[in-house]
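Architecture and fold: a report
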Amino acid sequence: MPSITSSPQWNALQDHYASIKDVHLRDFFREDESRGRQMTIEAAGLYLDYSKNRINRQTLDLLINLADSQGLPGKIEAMFTGEKINLTENRAVLHTALRAPKEMSLVVDGVDVVPEVHAVLEKMSAFSQRVRSGAWKGHTGKPIKNIVNIGIGGSDLGPVMAYEALKHFSDRNLTVRFVSNVDATDFAEATQDLDPTETLFIVASKTFTTIETMTNAETAREWLLRSVGGDQSATAKHFVALSTNAEKVSAFGIDTDNMFEFWDWVGGRYSMDSAIGLSTMLAIGPEGFSEMLAGFHEMDQHFRTAPARKNLPVVMALLSVWYSNFFGVETCAVLPYEQYLKRFPAYLQQLTMESNGKYVTVAGEKVDYETGLIYWGEPGTNGQHSFYQLIHQGTRLIPCDFIAFAKSLNPIGSHQDILIANVLAQSEALAFGKTADEVRSEGTEDWLVPHRVFEGNRPSNTLFGESMSPSMLGKLVALYEHSVYVQSVIWDLDAFDQWGVELGKVLAKNIIPELDADGGELNHDSSTNALIERYRKMKA
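Quick summary incoming for the structure in this document.

Each value, and the rule that gives it
- Residues numbered from 1 in each chain as written.
- Predicted model: local features only at pLDDT ≥ 70, side-chain atom pairs only at ≥ 80, totals over all residues.
- Heavy atoms only, no water.
- Pairing = 2+ DSSP bridges.
- Helix = DSSP H or I, 4+ residues; strand = E, 2+ residues; numbered from the N terminus.
- Axes fitted to C-alpha atoms, helices over the stretch in contact; angles between N-to-C directions.
- Contact = heavy atoms within 4.5 Å.
- Phe/Tyr/Trp six-rings, centres within 6.5 Å; stacked < 30°, edge-to-face > 60°.
- Buried < 20%, exposed > 50% of the residue type's maximum accessible area, 1.4 Å probe, protein only.
- Lys NZ or Arg CZ within 6 Å of the ring centre and 35° of its normal.

Moving on, we get to the pairing of strand 2 (residues 46–49). Direction of pairing for strand 1 (residues 40–43) relative to strand 2: antiparallel, over a ladder of 4 bridges. Directly across from Thr-40, in strand 2, lies its bridge partner Asp-49. Hairpin connection from strand 1 to strand 2: 2 residues lie between these consecutive antiparallel strands, with Ala-44 at a positive phi of about 55 degrees. Relative to strand 13 (residues 460–465), strand 2 runs antiparallel, the two being bridged by 4 bridges. Bridging across to strand 13, Leu-48 finds its partner in Leu-463.

Another point: the sheet that holds strand 12 (residues 400–405). In spatial order, the strands read 1-2-13-12-10-11; together these 6 strands make up an open sheet with mixed pairing. Unpaired on one side and paired on the other, strand 1 and strand 11 (374–376) mark the two borders of the sheet. If you compare each strand with its neighbour and ignore which way they point, the axes differ by 15 degrees on average. Against the sheet, helix 16 (residues 415–432) contacts strand 10 (331–337), strand 12 and strand 13, and its axis sits at roughly 155 degrees relative to strand 12.

Time to look at the packing of aromatic side chains. The tally for this structure, following the rule as stated, stands at 26 aromatic pairs. On the numbers, 4.9 Å between centres and 0 degrees between planes, the contact of Trp-263 with Trp-265 is stacked. Accessibility assignment for this pair places Trp-263 and Trp-265 in one class, buried. Taken together, the ring pairs connect Trp-10, Tyr-17, Trp-322, Tyr-323, Phe-326, Phe-327 and Tyr-369 into an aromatic cluster. Here Lys-123 stacks its cationic end above the ring of Phe-260, 5.2 Å away from the centre of that ring. Its guanidinium or amino end placed over the ring of Tyr-359, Lys-366 lies 5.6 Å from that ring's centre, counting from NZ or CZ.

The buried fraction of strand 13 amounts to 5 of the 6 residues, a majority that puts the element mostly inside the structure. For strand 12 and strand 13, the ladder comprises 6 bridges, and the chain directions are parallel. Within strand 13, the residue paired with Phe-402 across the bridge is Thr-462.

A word on the sheet that holds strand 8 (residues 239–242). If you trace the 5 strands from one edge of the open sheet to the other, you get 6-5-7-8-9, paired in parallel fashion. Two strands bound the open sheet, and with one partner strand each, they are strand 6 (175–179) and strand 9 (259–260). Two strands pair when backbone bridges link them, and strand 7 (residues 199–204) and strand 8 are joined in this way by 4 bridges, in the parallel orientation. For Ala-204, the partnering residue across the bridge sits in strand 8 and is Leu-242. Against the sheet, helix 12 (residues 278–305) engages strand 5 (146–150), strand 6, strand 7, strand 8 and strand 9, with an angle of about 145 degrees to strand 7.

This is the structure:
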């Protein structure tokens with residue numbers, strides 16, 4: 001079928017880009033004094049100022065036309081109604097059902113999934129209350145004081161990010177740790193100061209076969225059993241499972257009554273509000289978890305019902321497409337001016353790049369346009385003292401998403417005012433820069449002037465919320481989830497599979513037995529063979 005790049009909507013955008021690509025944001029603001037108030041969206045407790053983007057009103061109209069030509073309105077509805085939009089795996093995509101209120105109904109393959117979701121949530125809640133109250137006892141009769149989540153990918157990044165984001169609301173009597181890397185150091189450091197008899201492990205693996213997760217889980221079990229004289233029955237008191245493989249869970253020694261299920265229509269990177277979020281619920285309690293789910297749902301409803309021009313995820317996605325496909329931008333910086341969101345950029349890396357890092361369309365045809373921006377970032381103001389130099393005066397155009405809140409959860413003196421002054425100053429400086437004349441007017445010597453000029457015209461979004469909270473976290477995550485989906489619709493990608501992670505896993509399994517000195521003949525390429533041989537020698 002014809003590529004999107006041959007469509008009249010794409011061609012109209014190409015022509016439009018040629019006409020405005022050299023227009024400076026200074027000129028956009030000079031021509032329209034109301035721009036800073038008009039190019040905004042307020043919804044679901046978030047305020048987006050997108051006026052500092054290199055667009056005008058026509059740009060957004062043309063981008064919406066492109067999205068409509070790709071069937072965006074119908075595809076949004078298809079996701080919410082459970083159509084099998086994950087085509088390569090023939091699955092529905094229903095992370096939105098994970099936060100649907102109890103009174104809703106959503107039938108997929110003849111089954112209303114909402115009651116199933118709430119049955120698991122109620123099971124999680126009852127379990128969390130037992131642990132948090134001290135009613136759940138370990139093998140030696142001690143209450144649980146330490147929670148260690150063992151997972152990888154979506155079974156780790158979401159829970160880690162959520163714990164850090166919501167630490168203010170967490171039970172500080174519980175120590176919560178996370179182990180993901182198969183590097184033994186990760187496990188050793190996470191458990192270094194813990195008492196095994198007071199520690200509960202959450203093993204998160206849908207199939208209970210993920211090599212990194214199961215290797216760490218087996219190490220955790222050995223660590224526990226050493227402390228209780230090898231009594232195998234201790235496993236059931238110190239391990240629970242987030243899985244769908246009851247047979248393997250039981251074989252590991254976990255009581256299947258303590259297995260919390262989720263479904264094929266939940267992708268790993270979209271699962272932090274499913275059973276995968278058990279560590280989050282243990283930390284912040286069932287009520288806090290429910291508040292987070294309500295935030296997710298509020299953004300879901302906004303995305304589903306708001307017109308495109310006033311739709312937060314749609315507008316942010318359209319801007320990403322604009323920069324990626326017409327300006328040739330390769331990365332986007334996400335810069336939360338909120339210390340609790342320090343892991344949010346890392347979480348977004350999987351959400352965005354595992355979803356849209358694809359070079360074939362849903363029909364299997366190779367694309368002739370760029371897909372999948374690279375997302376990265378650090379909290380402000382730390383980033384200002386490291387990589388902002390590149391954003392301000394480097395040769396690459398890097399759009400930025402600034403995230404900030406009016407109220408601090410830890411109000412101390414003038415800290416919050418200084419923090420907010422910095423985020424506002426950075427977006428202003430990126431947009432408008434500083435001209436050579438302005439630099440000279442400050443008395444700067446001519447030879448130094450070029451070094452102190454800021455070209456500006458660097459685009460950014462600013463997202464404002466009132467304060468960080470479980471509800472706010474749900475809204476932010478859902479915002480980016482839906483933005484990723486909109487991008488995938490425009491690029492004609494399946495955002496919900498991840499075949500690109502498979503090949504390395506398969507090859508690694510083949511290489512593991514070859515690493516021993518008697519691992520047999522090697523049949524890889526010359527580089528891999530030489531590296532295996534070098535490892536064997538160094539290991540010996």
